[in-house]
Amino acid sequence: MEKKKFYITTPIYYPSAEFHIGHCYTTIIADAIARYKRLSGYDVFFQTGTDEHGQKIEKKAEEKGVSPIDYVNPIIENAKDLWSKLGISYDYFIRTTDEDHEKRVQEIFKIMYDKGDIYKGEYKGLYCTPCESFWTESQLDENGKCPDCHRDVHEVKEEAYFFRLSKYQDKLVEFYDKNPNFIQPISRKNEMLNNFIKPGLEDLCVSRTSFKWGIPVTFDDKHVIYVWIDALSNYITSLGYPDTNSELFKKYWPADLHLVGKEIVRFHTIIWPCMLMSLGLELPKQVFGHGWLIIDGGKISKSSGNYKDPREYINEYGVDAVRYFALREVPFGNDGNFSEDALIARTNADLVNTLGNLVNRTIAMSKKYFDSKVENPKVYEEIDDTLINYAKMLPSIVENKMNALKVNEALEDIFELLKRSNKYIDDTTPWVLAKDEQNSDRLKTVLYNLLESIRISAILLNAFIPNTSERIFKMLNTKNTSFDTLEFGNLETDITLNEAEILFNRIDTNK
Ligand SMILES: [Zn+2]
């Protein structure tokens, strides 16, 4: 049977400065969802990349005395190194400076122009350079500054091409009505409707003559294509569009999930769908606008300087501690706070105390009492039920949470099994059972139930903290590590466990 496909994207990030923990956050969630889908049998295409054009990078490069491409190249090399250290399993990394992307964007622009959806006009607007955003008077904050970053805006007037966004307003509202889950969380859909669509969509400026670092309009080359058509198109140019016969495009479009930060939900749920309607293409199935990872109480920004190379955290605490924190700490759709103290507290409480201790204690007892041999004589007692029943339900609980994109809750539910397992050790007191030879079969059963709960947890954790999961598989010496072995009782009874290793070291908070 052919596998079902799943196309997931992160936003393409703007490489005007080195990437921070906020970029990591979005990318780690996308990675966990992509891994989870692969493990559940989907044919996944997971894309990330960089949005490299624009005035801001042109300026930064100039300040540094290098060409824009020489400015961004090392930042992108660094980003790729960071993704590799974080275990990000992307299938494709698109750069908007890729030759094939540039060519395809020019073709897309021409298709829309020929259709009459792009026309030439004059642009007058208030522009925020750091955000690369134009604003209308009414959108400015109470001090007349950029509503996003609260810095000065300045008036810009120039000849420009416009995309007829207004033409698609009614169709867009209709699409929202027919696809109630298109925008997640639902609160963001209401925000889009009330703040942007109901007041009326204005046509969108899609070219610039005021800077050069962009993709030229083929039929009017003093214009470069401005951010929207260049950047948003990445989700289809990577698949070969406008060649609608390309294998990738046929297979993966429409996207199943665009994962974006809440500040760019507007672009992905208004501009992007209208562009796709203009091109006559299917719309993505879902856009999820997640909250921000706030660093030590303030929004992380390249310009405010609260930046630390995320690799420092990875080196200090391990990749899975960083991944676990990012995935566990931020509730669905809300903001979460990142601080080194919170990372340490999470690691010690969950990864060291709950997970690490359970695995170590269980494997050590198996070694001590039965020479690490796994057996299951099935001498059950009533107390086993709460553990075993929960372990049996867990895969479907996690499946539902992942389908609802409640990644932090999925992790919480997996850790509930680990907590129950720790409690099960306290309740069954294996060290007491071990004192009497007559209890040998009961003790074997208790240990089997624990090892089996650990195996099931490790399979489910594989999408989130893959390294740790693999290390547990190795200690268990089991071959049954795939989702189709999740059923309770699949741990082999003819195996010998390997030596226990410490999964996570307790982090000393007095350092
Ligand atoms: Zn701004």
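Since this is a predicted model, take the numbers as computed values, not measurements.

Definitions and cut-offs
- Residues numbered from 1 in each chain as written.
- Predicted model: local features only at pLDDT ≥ 70, side-chain atom pairs only at ≥ 80, totals over all residues.
- Heavy atoms only, no water.
- Core = buried A, V, L, I, M, F, W, Y, C linked by side-chain atoms within 4.5 Å.
- Buried < 20%, exposed > 50% of the residue type's maximum accessible area, 1.4 Å probe, protein only.
- Helix = DSSP H or I, 4+ residues; strand = E, 2+ residues; numbered from the N terminus.
- Contact = heavy atoms within 4.5 Å.
- Pairing = 2+ DSSP bridges.
- 1 Å grid on protein atoms, 1.4 Å probe; cavity = no way out; pocket = protein on both sides within 12 Å on 5 of 7 lines; lining within 4 Å.
- Points joined across faces, edges and corners; volume = space filled by probe spheres on them.
- Nonpolar A, V, L, I, M, F, W, Y, C, P; charged D, E, K, R; others polar.

Novice: Would you mind going over the nonpolar core with me for this structure?
Specialist: The tendency in soluble globular proteins is for nonpolar side chains to be buried side by side. Core analysis: the largest hydrophobic core is formed by 106 residues, its most contacted members being Ile8, Ile33, Trp83, Leu86, Leu355 and Phe464. Considering every element that reaches this core, the biggest residue donor is helix 17 (residues 440-461), with 12 residues. Setting aside residues up to four positions removed in sequence, Leu86 forms contacts with Cys24, Ile28, Ile314, Val319, Val322 and Arg323. Formed by 61 residues, the second largest nonpolar core is a distinct cluster that contains Phe134, Cys205, Cys274 and Leu279.

Novice: Help me understand the sheet that holds strand 5 (residues 133-135), please; the structure alone is not making it clear to me.
Specialist: Pairing between the strands of a sheet is mediated by backbone hydrogen bonds and can be parallel or antiparallel. Overall, antiparallel pairing links the 4 strands, which are arranged 5-4-6-8 in an open sheet. This sheet does not close on itself; its edge strands, each paired only once, are strand 5 and strand 8 (204-205). As paired elements, strand 4 (residues 118-128) and strand 6 (residues 154-163) share 10 bridges and run antiparallel to each other. By the bridge assignment for strand 6, Tyr119 is matched with Phe162.

Novice: I keep staring at unusual backbone geometry and nothing clicks. Help me out?
Specialist: Trans is the common state for peptide bonds, and a negative phi is the common state for residues other than glycine. Between Gln184 and the following residue, Pro185, the backbone shows a cis peptide bond with an omega angle of -15 degrees. Position of Pro185 among the secondary structure elements: in the loop between strand 7 (183-184) and helix 6 (186-197). The step from Tyr241 to Pro242 runs through a cis peptide bond, and the omega angle for that step is 15 degrees. As for its placement among the helices and strands, Pro242 is situated in the loop between helix 8 (234-237) and helix 9 (247-252). Unusually for a residue other than glycine, Ser372 sits at a positive phi of about 70 degrees. The topology assignment puts Ser372 in the loop between helix 13 (340-370) and helix 14 (384-403). By relative accessible area, Ser372 is classed as buried at 8%. The phi dihedral of Leu405 is positive, around 65 degrees, even though this residue is not glycine. Mapped onto the elements, Leu405 comes out in the loop between helix 14 and helix 15 (407-428).

Novice: I would appreciate a short explanation of empty space enclosed by the protein in the present structure.
Specialist: Where empty space is left in the structure can be found by rolling a water-sized probe over the atoms. Applying the stated criterion across every chain yields a total of 4 cavities of 30 Å³ or more. As a volume, the largest cavity reaches approximately 90 Å³. The wall of the largest cavity is formed by 16 residues, among which Tyr25, Ile29, Val330, Leu405 and Val407 lie closest to the centre. For the lining of the largest cavity, the elements supplying multiple residues, two or more each, are helix 1 (21-39), strand 13 (287-290), helix 12 (319-329) and helix 15. Partitioned by chemical class, the residues of the lining of the largest cavity number 10 nonpolar, 5 polar and 1 charged. In this model, the second largest cavity occupies a volume close to 60 Å³. Asp51, His53, Gly54, Glu132, Phe211, Ile225, Tyr226, Val227 and Asp230 are the residues that line the second largest cavity. Split into classes, the residues belonging to the lining of the second largest cavity amount to 4 nonpolar, 2 polar and 3 charged.

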